Amino acid sequence: MIDSIFILLILSTFRMSLPLMFATCGGYFSEKSGVAQISLEAFLLVGAFTAASVSFFSGTLLLGYLAAGVMAALFGQIFCIFTLKLKAHSIIVGTALNLLVMGLIPIVSKSVFDSTGSTPSINADNVYYALPVTILIVTITAAFWLSNRTIWGLQMKFAGEKRLALESIGVNPIIRQWQAVTLCAFITGLGGAVLSTYLSSNYSPLMSAGRGFIALAALIFAGWSLRRALLVSLFFGFCEALQIQLQSNQLISSRIPAEFIQMIPYAATLLALIFLRAKNNPPAELR
Amino acid sequence: MPSSETASFIEFKNISKVFDEHFACRDISLKIQRGTVHALVGENGAGKSTLMKILGGLLPATSGTILLSEKIYQPTSAQEAFQNYIAFIHQHFVLADNLTALDNLVLSSSTAGSVLQKKPMQQIRQKAHALLKKFSWTIDLDKVVYKLSIGQQQRLEILKALLQSPEIIIFDEPTAVLTPQEATELLHFILELKTQGKTIILISHKLHEIKKVADNISILRHGELVFTDAANSISVSEIAEKMIGRRLESHQRASGHMTKKVIFQWGNENISLMKGEIFGVAGVEGNGQNELISKMLNELRQQKLSYGDISEDRVRLSVFENLSLTEHMLLKHPHEFVSNGVIQKERLEAATAELLARWDVRPGVVTQPLHELSGGNQQKFIVGRELWNEPKILLAAHPTRGVDLGAQQKIHEALHEYKKLNAVFLVSSDLDEVIGLADRYIVLYKNKIFGPFQKNELNEMQIGLYMAGGVS
């Protein structure tokens, strides 16, 4: 009995960490290149909606994932145009995108499904555990390789640390930032696909439930290190899993109101940020 | 590379640079020979940095041409200067503090193309190690830059430039941030580069340094070239005179205003300040000066003595980049300019304007943000502000660091004037400054205090022994 709860908790932790890890991985690129990124939430939602719709019509989950990444990356171009080309403040643009998405998705949803709420359930015959996990492993491997082993990764980091050094070798930092933000949106979009095709079987409004911000918190808390940030996402995933397990436990849920249990992941985020002040060295030119 | 010849390697022809109707450089014609050390001196704002930025591709010239090996050279970017084997070693390092030394080197040899390739870590590491060995330097290439000492960071910056095997190396105030030993080492290094056939342009206002290493000297004043010739054809005092356009008086001054009236007695330390004296603290930097200053500040606050503070790092400690001069004035003297909770704007502006005029802070616009002033003018302003209400004790820590000769003299005069009224506590790693100004002084070595000694009690060699820990 105890054993099975324990195993359920571990499995659930991994499931719940998946979208967070995508968003963390995506956010890493944007933040590291010096572009403060608070619209991870928007990218997640765009990804989730796109994946649910495309998978619903095509019946292929993989296509749904791809479309989610691409659509989020396209959506990310709005962010790039405003912050990098028109020099608007990234936090303001990020806020605007988060709000924009809340209106945009219902409009599209209304015209496609004649409903502003949830999309219809995906009829994919088997929901593999393997698919999202494979995609995550590929993504994380690629992210580490890109940021630590390639010249692109180094130049991307210099865009966030010392623009002048980049300019003096004839590389435009804005181009690296643009690429980094696009990549960020793509990866985060994949995380959105996990939400709507793996953790559930359709898109429901605002299903990201603050995960974009939690991912950002993970990044900041981890001192902008990708490796540590992924571990932190795992911890936040655990808190979410714990919340679900506690709610489904009759003994506990009959005594503690559900709302309190549901607070666990958010409270954990807050507490982690307050008490576990990790080594904090943000990219020098993050703005 | 062309063979060495008598024709000049770099030739500036009638170079002018105009910023909003103001000439930063006016009609400068200058020749620099291959394989020499050419010093460029002048006060802050004399145009030497502007001229070098034009050579380094960071600024376009308004008019005039540059010839490089007798070919017209018009760089439009730092990169283009790079391709012409010109390296610019900036006073403020262009390094990413959060990344490793090696990553910084790898970046500087990367280009905009083929970016998905692997970083050439091993290759760069080997090249860097070869250079490090050649100059017998040690830098841990895997260390993050902010963990390196300032001297090491500068070497890294130099290494970065040398990896591209430049022919011309521009040093912008290279010794401004270094300890005396590091500075001496750097000067040796510059001579070594020269023996390897490199052409070096050295921007500096430390004239004794320049005399040691330069073959030729060019002096700029108010954007115009006032002298260019062999270094041995001119003396240090003549250089100074040409730089500022008037004679400099010698530092040595008689003490004599000293009274026996103690105005500050530091409880458990053997330090007391007397009215009318400059009390010096000599010693190589990093031997406890910072600790001594903060303890001193604490003590002053406890004893409720009014004091002015000319901090060591003016940008870090006493300056807020975006605030205007009047706001800086208000910050230091809040009570004088506020009545009934309202800022007395007119009084404040008048007092600030008067301060600017008295200290010759240029340009004298009171509403200007401080960061728009040149380093020397910032320093003059800070000194003026601290002395404005004639405090009992003036704490002067490295008051003339990074300041040109004219400003330096002005500050020294001020300290000297000031001591007639009250007392000055002068901390400086420049031994000449302490010997020249202080009536009594202590020497710091590894947080230990030696002294106080009277003026002329020890000679320079004896003080040097204390500074190096040779006397216990």
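As the structure is a prediction and not an experimental result, all values here were calculated from the model.

(A) Seen up close, the overall build of chain A. Looking only at helices and strands, chain A has 13 helices and 0 strands in total. In sequence order, chain A lays out its α and β elements as α-α-α-α-α-α-α-α-α-α-α-α-α. The C-alpha atoms of chain A give 19 Å as radius of gyration, which agrees with the globular expectation for 287 residues (19 Å, within 12%). Burial status across chain A gives 53% buried among its 287 residues. Considering only residue pairs separated by 6 or more positions, chain A has 79% of its internal contacts joining residues 24 or more positions apart. Element-wise, carbon and sulfur atoms account for 71% of the exposed surface of chain A, whose accessible area totals about 12600 Å². The positive charge centre, built from 17 side chains, and the negative charge centre, built from 10, are 11 Å apart in chain A.

(B) A look at the sheet that holds strand 9 (residues 216-221) of chain B. All names here are of chain B. Across the sheet, which stays open at both edges, the 6 strands sit in the order 6-7-8-3-9-10 with mixed pairing between neighbours. Lying at the two open borders of the sheet, with one neighbouring strand each, are strand 6 (86-89) and strand 10 (224-230). Sheet twist, expressed as the mean angle between neighbouring strand axes with direction ignored, is 15°. As paired strands, strand 3 (residues 37-41) and strand 8 (residues 199-203) are joined by 4 bridges and run parallel to one another. Bridge assignment links His 38 to a residue of strand 8, and that residue is Ile 201. On the sheet, helix 1 (residues 48-55) packs against strand 3, strand 6, strand 7 (168-172), strand 8 and strand 9 and is oriented at approximately 145° with respect to strand 8.

(C) Broad picture of the confidence of the model for chain B. Residues and elements named next belong to chain B. Taken over all residues, the pLDDT of chain B has a mean of 82, while the share at 70 or more is 89%. Looking over chain B, one finds the lowest element-wise mean pLDDT in helix 10 (residues 314-317), namely 54, and the highest in helix 3 (residues 101-108), namely 94. Segment residues 1-5: pLDDT under 50, and 7 contacts once partners within four positions in sequence are set aside and those in other chains are kept. For this predicted complex, the interface score ipTM comes out at 0.87, alongside a pTM of 0.74.

(D) Examining the packing of helix 2 (residues 40-58) of chain A against helix 9 (residues 211-221) of chain A more closely. Residues and elements named next belong to chain A. Two elements in contact, helix 2 and helix 9, have axes separated by 7 Å at closest approach and are oriented at 135°. If you check the angle between helix 2 and helix 9, you find them oblique. In the crossing of helix 2 with helix 9, the sense of the turn from one axis to the other is right-handed. Along its contact with helix 2, which presents Leu 40, Glu 41 and Leu 44, the element helix 9 presents Arg 211, Gly 212, Phe 213, Ala 215 and Leu 216. Of the residues contributing to the contact of helix 2 with helix 9, the split by class is 5 nonpolar, 1 polar and 2 charged.

(E) How the structure looks around the pattern of salt bridges. Residues and elements named next belong to chain B. Using the criterion set out here, one finds 14 salt bridges over all chains in the structure. Linking Asp 103 and Lys 119 is a salt bridge whose minimum nitrogen-to-oxygen distance equals 3.1 Å. With Asp 103 in helix 3 and Lys 119 in the loop between helix 3 and helix 4 (121-134), this residue pair connects regions lying 16 residues apart in the sequence. Exposure class is identical for Asp 103 and Lys 119. Each is buried. Between Arg 125 and Asp 142 there is a salt bridge, with the nearest N and O atoms lying 3.0 Å from each other. Taken together, the positions of Arg 125 in helix 4 and Asp 142 in the loop between helix 4 and helix 5 (150-162) put the pair 17 residues apart, joining distant regions of the chain.

(F) Just unusual backbone geometry, in detail. Residues and elements named next belong to chain B. If you check the backbone angles, Asn 14 has positive phi at about 50° while not being a glycine. By secondary structure assignment, the location of Asn 14 is in strand 1 (residues 10-19). Accessibility expressed as a relative area gives 40% for Asn 14, which makes it partly exposed. Unusually for a residue other than glycine, Glu 173 sits at a positive phi of about 45°.

(G) Spatial organisation of the interface of chain A and chain B. Each partner contributes residues to the interface: chain A has 25 residues there, and chain B has 23 residues. Counting the surface lost from both chain A and chain B, the interface buries some 2100 Å², and carbon and sulfur atoms represent 67% of this. Contact with chain B buries area across many residues of chain A, yet A:Ile151, A:Leu154 and A:Ile169 alone supply 29% of it, more than any other trio. Between chain A and chain B we count 0 salt bridges in total. Counting across the chain A and chain B interface gives 10 residue pairs in polar contact (both at pLDDT 80 or more).

(H) Just the sheet that holds strand 4 (residues 63-68) of chain B, in detail. Residue and element names in this part refer to chain B. Here we have 4 strands laid out as an open sheet, ordered 2-1-4-5, and antiparallel in their pairing. Of all the strands in the sheet, just strand 2 (22-32) and strand 5 (71-73) have a single pairing partner and so form its edges. Recorded for the sheet is a direction-independent mean angle of 30° between the axes of neighbouring strands. Relative to strand 2, strand 1 is paired through 7 bridges, and the arrangement is antiparallel. Paired with Phe 19 across the two strands is His 22, which belongs to strand 2. Across the sheet, helix 1 lies against strand 1, strand 2, strand 4 and strand 5, angled at about 115° from strand 1, the strand it touches most.

(I) Representation of the packing of helix 5 (residues 130-149) of chain A against helix 6 (residues 151-161) of chain A within the structure. All names here are of chain A. At a closest axis distance of 5 Å, the pairing of helix 5 and helix 6 adopts a crossing angle of 70°. The angle between the axes of helix 5 and helix 6 places the two elements in the roughly perpendicular class. Counted together, Leu 146, Ser 147, Asn 148 and Arg 149 of helix 5 and Ile 151, Trp 152, Gly 153, Leu 154, Met 156 and Lys 157 of helix 6 form the full contact between these two elements. Here the contact of helix 5 with helix 6 is built from residues that sort into 5 nonpolar, 3 polar and 2 charged.

(J) How the structure looks around the pairing of strand 8 of chain B. Residue and element names in this part refer to chain B. Of all the 5 residues making up strand 8, 5 are buried; the element is thus mostly covered by neighbouring parts of the structure. Here strand 8 shows no split at all, with Thr 199, Ile 201 and Ile 203 on one side and Ile 200 and Leu 202 on the other all buried. With 5 bridges connecting them, strand 7 and strand 8 associate as parallel partners. The residue bridging Ile 168 from the neighbouring strand is Thr 199, located in strand 8.

(K) Looking closely at the pairing of strand 20 (residues 448-454) of chain B. Residues and elements named next belong to chain B. Strand direction decides the pairing type here: strand 19 (residues 440-445) and strand 20, joined by 5 bridges, are antiparallel. Looking across to strand 20, one finds that Val 443 is bridged to Phe 450. What sits between strand 19 and strand 20 in their antiparallel hairpin is a turn of 2 residues, with Lys 446 showing a positive phi close to 45°.

(L) Quick peek at a nonpolar patch on the surface. Residue and element names in this part refer to chain A. Where nonpolar side chains cluster on the molecular surface, the patch consists of Phe 56, Phe 57, Leu 100, Leu 104, Ile 107, Val 108 and Val 112 and spans about 600 Å² of accessible area. With 5 residues, the single largest contributor to the nonpolar patch is helix 4 (residues 90-113). Within the element layout of this structure, Leu 100 appears in helix 4.

(M) Molecular detail of empty space enclosed by the protein. All names here are of chain B. Enumeration according to the criterion identifies 3 cavities of 30 Å³ or more in this entry. Lining the largest cavity we find 10 residues, and of these Gln 154, Arg 155, Glu 182, Glu 185 and Leu 186 sit closest to its centre. When its residues are assigned to classes, the lining of the largest cavity shows 5 nonpolar, 2 polar and 3 charged.

(N) Up close: the environment of B:Gln368. The topology assignment puts B:Gln368 in the loop between helix 12 (345-359) and helix 13 (375-387). Not counting residues up to four positions away in its chain, the partners in contact with B:Gln368 are B:Leu323, B:Ser324, B:Leu325, B:Pro363 and B:Leu373.

(O) Quick look at the side chain of B:Lys198. Residue and element names in this part refer to chain B. Within the element layout of this structure, Lys 198 appears in the loop between helix 6 (180-195) and strand 8. No salt bridge is formed by the buried Lys 198; its nearest oppositely charged neighbour, Glu 167, is found at 4.3 Å. Looking at Lys 198, its side chain comes within polar contact range of the main-chain oxygen of Pro 166, at 3.1 Å. Those residues within four positions of Lys 198 in sequence are excluded, and the remaining contacts are Gly 35, Thr 36, Pro 166, Glu 167, Ile 169 and Leu 193.

Procedures and definitions
Residues numbered from 1 in each chain as written. Chains lettered and ligands numbered in written order. Predicted model: local features only at pLDDT ≥ 70, side-chain atom pairs only at ≥ 80, totals over all residues. Heavy atoms only, no water. Helix = DSSP H or I, 4+ residues; strand = E, 2+ residues; numbered from the N terminus. Rg over C-alpha atoms; globule rule 2.2 N^0.38 Å. Buried < 20%, exposed > 50% of the residue type's maximum accessible area, 1.4 Å probe, protein only. Contact = heavy atoms within 4.5 Å. Areas by Shrake-Rupley, 256 points an atom, 1.4 Å probe, with all protein chains shown as cover. Lys, Arg positive; Asp, Glu negative; His and termini not counted. Charge placed at Lys NZ, Arg CZ, Asp CG, Glu CD. Pairing = 2+ DSSP bridges. Axes fitted to C-alpha atoms, helices over the stretch in contact; angles between N-to-C directions. pLDDT = per-residue confidence, 0-100. Parallel < 35°, antiparallel > 145°, perpendicular 65-115°, else oblique. Left-handed = near helix turned anticlockwise from the far one by under 90°. Nonpolar A, V, L, I, M, F, W, Y, C, P; charged D, E, K, R; others polar. Salt bridge = Lys/Arg side-chain N within 4 Å of Asp/Glu carboxyl O. Buried area = accessible area lost by both parts, 1.4 Å probe. Polar contact = N/O pair within 3.5 Å; in protein donor to acceptor, adjacent residues only side chain to side chain. Patch = residues over 30% accessible without salt bridge, like charges linked within 9 Å, V, L, I, M, F, W, Y side chains within 5 Å. 1 Å grid on protein atoms, 1.4 Å probe; cavity = no way out; pocket = protein on both sides within 12 Å on 5 of 7 lines; lining within 4 Å. Points joined across faces, edges and corners; volume = space filled by probe spheres on them.

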